[in-house]
Amino acid sequence: MSNTVRFLEAIAQDPALAQLSPAEREALMASFGLSDDERAAVRNLDVQGLTKLLGGRDKMAAVQFPGDGDEPQRDDEPQRDDDGPGDEDDEKSISQYSLH
């Protein structure tokens, strides 16, 4: 795992680190061994720059397929909303977040 990823994980896991002064943040980045380019990207909140520096993907896609026993819905049929108020499936829902 790269030092930059370790640094970002540390910031995400410890709320006190997110509140550091700029000088303290610079010292922390130096202690993790971030390069000048990585430190500039973090300092400027440059997601695309970090993505390139870390060899990440610009774009990602996800595809969903019906589960076993589910019938695919035809385009000419109205969509069904089987979930109603009080359904217990809320605990199993998945949230998606994107930085792009």
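All of these numbers come straight from a predicted model, not from anything done at the bench.

About the thresholds
- Residues numbered from 1 in each chain as written.
- Predicted model: local features only at pLDDT ≥ 70, side-chain atom pairs only at ≥ 80, totals over all residues.
- Heavy atoms only, no water.
- pLDDT = per-residue confidence, 0-100.
- Contact = heavy atoms within 4.5 Å.
- Helix = DSSP H or I, 4+ residues; strand = E, 2+ residues; numbered from the N terminus.
- Buried < 20%, exposed > 50% of the residue type's maximum accessible area, 1.4 Å probe, protein only.
- Lys, Arg positive; Asp, Glu negative; His and termini not counted.
- Salt bridge = Lys/Arg side-chain N within 4 Å of Asp/Glu carboxyl O.
- Polar contact = N/O pair within 3.5 Å; in protein donor to acceptor, adjacent residues only side chain to side chain.
- Arc of directions from axis to C-beta.
- Phe/Tyr/Trp six-rings, centres within 6.5 Å; stacked < 30°, edge-to-face > 60°.

1. Let's talk about the confidence of the model for the protein
When pLDDT is averaged along the protein, the result is 80, and 70% of the positions lie at 70 or above. In this model, residues 90-98 is a region of pLDDT below 50 whose contacts with residues beyond four sequence positions or in other chains number zero contacts.

2. Digging into the side chain of glutamate 38
As for its position among the elements, glutamate 38 is in helix 4 (residues 36-43). Buried and unpaired, glutamate 38 has arginine 39 as its nearest opposite-charge partner, separated by 8.2 Å. Of the polar contacts made by the side chain of glutamate 38, one reaches the side chain of threonine 4; its length is 3.0 Å.

3. As for helix 1 (residues 3-13)
Residues of helix 1 that are buried: Thr4, Phe7 and Ala10. Here the buried residues of helix 1 occupy an arc of 125 degrees about the axis, which is enough to place them on one side. Seen from the buried face of helix 1, the exposed residues on the opposite side, beyond 90 degrees, are Ala12 and Gln13.

4. Considerations on the packing of aromatic side chains
Scanning the model with the defined rule gives one aromatic pair in all. An angle of 75 degrees between the planes, with centres 5.7 Å apart, marks the rings of phenylalanine 7 and phenylalanine 32 as edge-to-face. Pair noted here: phenylalanine 7 is in helix 1 and phenylalanine 32 is in the loop between helix 3 (22-31) and helix 4, with a separation of 25 residues, a long-range link. Phenylalanine 7 sits in the buried class, given a relative accessible area of 1%.

5. Remarks on the pattern of salt bridges
What the rule picks out here adds up to two salt bridges. One salt bridge in this structure joins arginine 39 and glutamate 26, with 3.7 Å as the shortest N-O distance. Of the two residues, arginine 39 is situated in helix 4 and glutamate 26 in helix 3; the sequence distance between them amounts to 13 residues. By relative accessible area, which is 21% here, glutamate 26 ends up partly exposed. Here arginine 43 makes a salt bridge to glutamate 26, at a shortest N to O gap of 2.5 Å. Remark: glutamate 26 occurs in helix 3 and arginine 43 occurs in helix 4; sequence separation between them is 17 residues. Look at arginine 43 and you get partly exposed, because its relative accessible area is 45%.

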